[in-house]
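# Overview (structure and organization)
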Amino acid sequence: MTDEPDESSHPDAGMFSAATGLIPIPTGVIRVPDSVRGASYETSHTHPGDKLSAARRFGYVLLLGALTALGPFTVDLYLPAFPMLQSEFDASEGAVQLTLTGTMVGFALGQLVVGPLSDVFGRRTPLLISTVLHLIASTCAIFAPNLAVLGAARVLMGMGAAGGAVVAMAMVRDLFGGRRLVVMLSRLALVTGVAPVIAPLIGSAILEVLPWRGIFVVLASYGALIIICAVTALPETRPKGDRATVEKVSIRHRYRVVFSDRVYVGVLIIGAMTFSGLFSYLSSSSFLFQQNYGLSTMQYGLVFAANSIGLIIGNQIAARLAARFGPQWVLAFSTGALLVSAIAIPVCAALIAGPWGVIVPLFVFMTSCGFTFPCAQVLALDRHPEAAGTAASVLGAANNGVAGLISPLVGVVAAWTGGITPASMASIMIACAIVGIVALWLVVRPKTLGQLSE
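Quick notes on the rules
- Residues numbered from 1 in each chain as written.
- Predicted model: local features only at pLDDT ≥ 70, side-chain atom pairs only at ≥ 80, totals over all residues.
- Heavy atoms only, no water.
- Patch = residues over 30% accessible without salt bridge, like charges linked within 9 Å, V, L, I, M, F, W, Y side chains within 5 Å.
- Areas by Shrake-Rupley, 256 points an atom, 1.4 Å probe, with all protein chains shown as cover.
- Salt bridge = Lys/Arg side-chain N within 4 Å of Asp/Glu carboxyl O.
- Helix = DSSP H or I, 4+ residues; strand = E, 2+ residues; numbered from the N terminus.
- pLDDT = per-residue confidence, 0-100.
- Contact = heavy atoms within 4.5 Å.
- Expected span 1.5 Å × (residues − 1).
- Bend = angle between axes of the 7 residues up to and from the residue.
- Buried < 20%, exposed > 50% of the residue type's maximum accessible area, 1.4 Å probe, protein only.
- Polar contact = N/O pair within 3.5 Å; in protein donor to acceptor, adjacent residues only side chain to side chain.
- Axes fitted to C-alpha atoms, helices over the stretch in contact; angles between N-to-C directions.
- Parallel < 35°, antiparallel > 145°, perpendicular 65-115°, else oblique.
- Left-handed = near helix turned anticlockwise from the far one by under 90°.
- Core = buried A, V, L, I, M, F, W, Y, C linked by side-chain atoms within 4.5 Å.
- Phe/Tyr/Trp six-rings, centres within 6.5 Å; stacked < 30°, edge-to-face > 60°.
- Lys NZ or Arg CZ within 6 Å of the ring centre and 35° of its normal.

## Considerations on a nonpolar patch on the surface
On the surface, Ile309, Ile313, Ile317, Leu321, Phe325, Trp329, Phe363, Val364, Ile434, Val438, Trp441 and Leu442 cluster together into a nonpolar patch covering about 1000 Å² of accessible area. Where the nonpolar patch is concerned, the elements lending two or more residues are α11 (297-325), α13 (356-381) and α16 (422-444). Tallying contributions element by element places α11 first for the nonpolar patch, with 5 residues.

In structure tokens:
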């Protein structure tokens, strides 16, 4: 009979580290087998959402998806009206595109404010305040007398829409973790993916019967509906005992924690570059398809919707692949596909007459975006459960802020090359894809990451 060490007598007994697989004992450490190590980690990490029924989880997805959809609707609904705004205000293409830039910058700033506040005061209160701001700004946009006032209103609309985006993502992290987190984020992305698909169609339909100001009437009404739903049906997922306080954890400290995480910084860059490539397309697509190819507003909406379906397809396939192979390896595939499809846009446009030479590679690009977004989100949020609001806000702010600054470069390139063309649009998309690939392999380094927990 062999003597076994009395672990209870050691001061560090029981301090098992799931991260290292080591148990300290008086004479050293015992290495725990990977299978036991994984089982111990999964057993000790449960999440509130694991106890929810399938019906309740589905209800949360719908409600949180409606919150997040306010952002895409705020951005995409008025895209078919760009030529109308240019004509009515006698403005340049670049000036009109700046209203989109203002929206994205406001969206980024709003998330930086709402995210940390949601860690301190809970999720619902910052959401309600920001959505009220969106409602007021939408009303101002309805009566905007010039492009400058409209641009200012769009900045405030972006800030107001930020509440739904960051709070919804933080609430999902409050409820879920591990592989279920990536599944729930992909389902949330499915709901929110419907918004960019139908927004241009709705915007085009509105423009058939109303002037462009009618689009902002719809956005104001949607904001009011969000406020009603948040007040009546949205529970608080951040209990008071879990909330950060100035005394416990400062906002500066929480920012320092997320920015000191190499993987988080890497996926932050990947997400921002992917969003920038996507919004380079968004900011120029109405001019490209309606002016260069002569499509009507309704035809443009249909083309936009067809390409956006790829975003939904990519989101749903990514969830299964990430759970099996790891989100970092899905990113390895999707970032490469972003670069190849972006290069294919000007090549196919030169070989194929008409809009189809642009539409087909754009579909591949959008599908690749769908693969990228949920995997970047889960790698970022799964590592910071205690600061989910802050992590989500920085992620969203980087995505939208960087995209808002980079996407107008399409107009700059177009001014040098004689107008918005497939080549001028794709040039920015190619550059963004290259930066994303570099960030993945040099900063995130997929080989250093393991699989997600259950």
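## Considerations on the confidence of the model for the chain
On average, residues of the chain score 80 in pLDDT, and 83% of them reach the 70 mark or higher. Here residues 1-44 scores under 50 on pLDDT; set against residues more than four positions off or in separate chains, the count is 37 contacts.

## What to know about the environment of glutamine 328
Tracing the backbone shows glutamine 328 in helix α12 (residues 327-351). Spatially, the C-alpha atoms of glutamine 328 and lysine 447 are 8.5 Å apart, while their sequence positions differ by 119 residues.

## Some points on helix α6 (residues 147-175)
Between its terminal C-alpha atoms α6 stretches 42 Å, which fits the 42 Å expected from 29 residues at 1.5 Å a residue. The largest bend in α6 is about 25°, located at alanine 161. Counting buried positions along α6 gives 23 out of 29 residues, so the element sits mostly inside the fold. The residue sitting at the N-terminus of α6 and contributing the capping side-chain oxygen is asparagine 146; that oxygen lies 3.2 Å from the backbone nitrogen of alanine 148.

## Things to note about the packing of helix α2 (residues 54-76) against helix α4 (residues 93-121)
Where α2 contacts α4, the axes come no closer than 10 Å and their chain directions differ by 160°. Classified by the angle their axes make, α2 and α4 are roughly antiparallel. Taken as a pair, α2 and α4 cross one another with a handedness that is right-handed. Of the residues in α4, those touching α2 at Gly71, Thr74 and Val75 are Leu100, Thr103, Met104 and Phe107.

## Some points on the nonpolar core
Membership of the largest hydrophobic core comes to 125 residues, with the highest contact counts inside it found for Leu150, Phe216, Tyr281, Phe289 and Met425. Among the elements that line this core, the one with the most residues is helix α10 (residues 262-292), at 15 residues. Phenylalanine 216 has contacts with Tyr78, Ser138, Ala141, Ile142, Leu150, Arg154 and Met157, leaving out every residue within four places of it along the chain.

## Here we look at the packing of aromatic side chains
Under the defined criterion, the tally for this structure stands at 11 aromatic pairs. Relative to phenylalanine 287, the ring of phenylalanine 82 has its centre 5.9 Å away and its plane inclined at 40°; by these criteria the two rings are tilted. Of the two residues, phenylalanine 82 sits in helix α3 (residues 82-88) while phenylalanine 287 sits in helix α10, which places them 205 residues apart along the sequence. Phenylalanine 287 matches phenylalanine 82 in its accessibility class, with the two residues each being buried. Centre to centre, the rings of phenylalanine 333 and phenylalanine 371 are 5.5 Å apart; their planes meet at 80°, and the pair counts as edge-to-face. In this pair, phenylalanine 333 is assigned in helix α12 and phenylalanine 371 in helix α13, connecting sequence segments 38 residues apart. Taken together, the aromatic side chains of Tyr78, Phe82, Phe89, Trp212, Phe216 and Phe287 make up a single cluster linked through ring pairs. Seen from the ring of tyrosine 78, arginine 154 lies directly overhead, with NZ or CZ sitting 3.8 Å from the centre.

## Describing the pattern of salt bridges
Within this structure, the stated rule accounts for 1 salt bridge. Here arginine 213 makes a salt bridge to glutamate 88, at a shortest N to O gap of 3.5 Å. With a gap of 125 residues between them, arginine 213 in helix α8 (residues 213-233) and glutamate 88 in helix α3 connect regions that are remote in the sequence. With a relative accessible area of 23%, arginine 213 lands in the partly exposed category.

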